[in-house]
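# Breakdown of the fold
The residues making up each chain are set out below.
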Amino acid sequence: PRLHDRGRWALIHPDMVTEPPDPGLHKAKHVLAFSEDGIHWTHAPENPIFYGRSDTNNCIVYNPERDVFMWYRRSTVNAGEVRRIAYSESEDLIAWTQPINLFGHDELDPTFLYGMPVSRYKGMYLGYLFCHHQHPRFDQGQMLADGRDAKMDTELAWSRDGVHWERHPLRPTFIPNSPPGPDAIDWGHAQGMANVIEDGDEVRIYYGGRAWLHSPGRAFSDPKRRGICLATLRRDRFVALHAGEDGGFMLTKPLACPGGELHINGKTENGGFIRVAVREAEGQRDGEWPAGWRFDDSNPFTGDCLDHVMTWKGGDTLG
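All values reported here derive from a predicted model rather than from experimental measurement. (Residues numbered from 1 in each chain as written. Predicted model: local features only at pLDDT ≥ 70, side-chain atom pairs only at ≥ 80, totals over all residues. Heavy atoms only, no water.)

## Here's the deal with the sheet that holds strand S6 (residues 68-74)
Pairing within the open sheet is antiparallel, and its four strands lie in the order S5-S6-S7-S8. Two strands close off the open sheet at either side, each with one partner strand: strand S5 (59-63) and strand S8 (100-101). Relative to S6, S5 runs antiparallel, the two sharing five bridges. Paired with valine 61 across the two strands is methionine 70, which belongs to S6. (Pairing = 2+ DSSP bridges. Helix = DSSP H or I, 4+ residues; strand = E, 2+ residues; numbered from the N terminus.)

Structural data, given as structure tokens:
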């Protein structure tokens, strides 16, 4: 709203710097442009809005709760490591805060966190985290044991405010590479784009696929084949618990019982079922199984349903 007089649309794009103001800076800058029709663009007189390297997917998302623009980019040198996910914010798209790293890096992470497009989804934010797998001594001929050297796939991250992010503790791959083959366009790269499209009970996520490796020598010798790919999942199945062949159990955190119906989103296979039991956590009888709400009292669910109401022999609600 503060920039409405400049145009309906805004665009930030990288540009090269022939004479950087400081010899130590990477020779790159970012500039801002506005347009009324999305076709004809005018650069902002305040350009450049940012000096520094961010040669990966740059994603800007508006946060209506805080009335700021959030920029997900690559770290600049002062942030300590260039191939990390950094964050800057701005109230006017012109003056930006210095980038900060959003994710730590531990033994479960790949060598490089390469980029992260972000989508707003149902009041929260989803991040498609690019994982660039490469042995630290890849250039010296050492290889990863899993064979993923120089490949890139996508991990899922999520946030309530766009600044503080969480990931699954085991870091599973959200959009994997396809096996190599003549028709596989995403065996080298599978990079989620900033989008979540709902069509009924189906969620669609487009991603960029590349049929080559990201590594010195190989990237420029392999045939360049790339394309836009589509991944689908059923509604609200971004993360799930899976039982093994012998079954499994889960225990929630203590919840204040609200009464009403209990809804689950579940799928069973090969004769499997889902039952729900209640345990007490009042402080006096913690862990006790109240009569009428034990596993044997739960009417089992079988099949595949996004919104199934669980019932018990003693009733259809938790009242």
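## A closer look at the side chain of threonine 56
Mapped onto the secondary structure, threonine 56 falls in the loop between strand S4 (50-51) and S5. On the basis of relative accessible area, threonine 56 is assigned to the buried category, the value being 15%. In this structure the side chain of threonine 56 is engaged in a polar contact, spanning 3.0 Å, whose partner is the backbone oxygen of tyrosine 114. Not counting residues up to four positions away in its chain, the partners in contact with threonine 56 are Arg74, Tyr114 and Gly115. (Buried < 20%, exposed > 50% of the residue type's maximum accessible area, 1.4 Å probe, protein only. Polar contact = N/O pair within 3.5 Å; in protein donor to acceptor, adjacent residues only side chain to side chain. Contact = heavy atoms within 4.5 Å.)

## Side note on the pairing of strand S10 (residues 118-121)
Where S10 lies against strand S11 (residues 124-133), four bridges are found, and the strand directions are antiparallel. Its bridge partner being in S11, arginine 120 is matched across the sheet by tyrosine 125. Counting the residues in the hairpin turn of S10 and S11 gives two residues, including lysine 122, whose phi is positive at 50°.

## Here we look at the packing of aromatic side chains
Scanning the model with the defined rule gives twelve aromatic pairs in all. Aromatic side chains phenylalanine 174 and phenylalanine 238 sit 6.1 Å apart centroid to centroid with 25° between the ring planes, which places their arrangement in the stacked category. Placement of the pair is phenylalanine 174 in strand S14 (residues 173-175) and phenylalanine 238 in the loop between strand S18 (226-234) and strand S19 (262-267), with a sequence separation of 64 residues. With a centroid separation of 6.0 Å and an interplanar angle of 80°, the aromatic rings of phenylalanine 249 and phenylalanine 295 are classed as edge-to-face. Note that phenylalanine 249 is positioned in the loop between S18 and S19 and phenylalanine 295 in the loop between S19 and strand S20 (304-310), a separation of 46 residues in sequence. These aromatic residues form a ring-pair network of at least three members: Tyr72, Tyr87, Phe103 and Trp165. Across the ring face of tyrosine 114, the terminal group of arginine 74 is positioned such that the distance to the ring centre comes to 4.4 Å. (Phe/Tyr/Trp six-rings, centres within 6.5 Å; stacked < 30°, edge-to-face > 60°. Lys NZ or Arg CZ within 6 Å of the ring centre and 35° of its normal.)

## A few points about a nonpolar patch on the surface
Together, Met193, Ile197, Tyr206, Ile228 and Leu230 line one region of the surface with nonpolar side chains, adding up to about 440 Å² of accessible area. Looking at the element boundaries, tyrosine 206 is found in strand S17 (residues 202-210). Under the relative-accessibility criterion, tyrosine 206 is labelled partly exposed at 31%. (Patch = residues over 30% accessible without salt bridge, like charges linked within 9 Å, V, L, I, M, F, W, Y side chains within 5 Å. Areas by Shrake-Rupley, 256 points an atom, 1.4 Å probe, with all protein chains shown as cover. Salt bridge = Lys/Arg side-chain N within 4 Å of Asp/Glu carboxyl O.)

## Re the nonpolar core
Tyr72, Leu102, Phe103, Met116, Val118 and Trp165 are the most contacted members of the largest nonpolar core, which has 18 residues in total. Going through the elements one at a time, S5, S6, strand S7 (85-90) and S11 are the ones with two or more residues in this core. Within the second largest apolar cluster, twelve residues are counted, among which are Tyr121, Leu156, Ile175 and Cys229. (Core = buried A, V, L, I, M, F, W, Y, C linked by side-chain atoms within 4.5 Å.)

## Observations regarding the pattern of salt bridges
The final tally for this structure, using the stated rule, is 18 salt bridges. Residue lysine 122 is joined to glutamate 198 by a salt bridge in which the shortest nitrogen-to-oxygen separation is 3.3 Å. Placement of the pair is lysine 122 in the loop between S10 and S11 and glutamate 198 in strand S16 (residues 197-199), with a sequence separation of 76 residues. Aspartate 146 is paired through a salt bridge with arginine 148; the nearest N and O atoms lie 3.0 Å apart.

## Digging into the state of the cysteines
All chains considered together, the criterion is met by zero disulfides. Here cysteine 229 is not disulfide-linked; the sulfur of cysteine 131 is the nearest cysteine sulfur, at 17 Å. According to the relative accessible area criterion, cysteine 229 is buried, its value standing at 10%. (Disulfide = S-S within 2.5 Å.)

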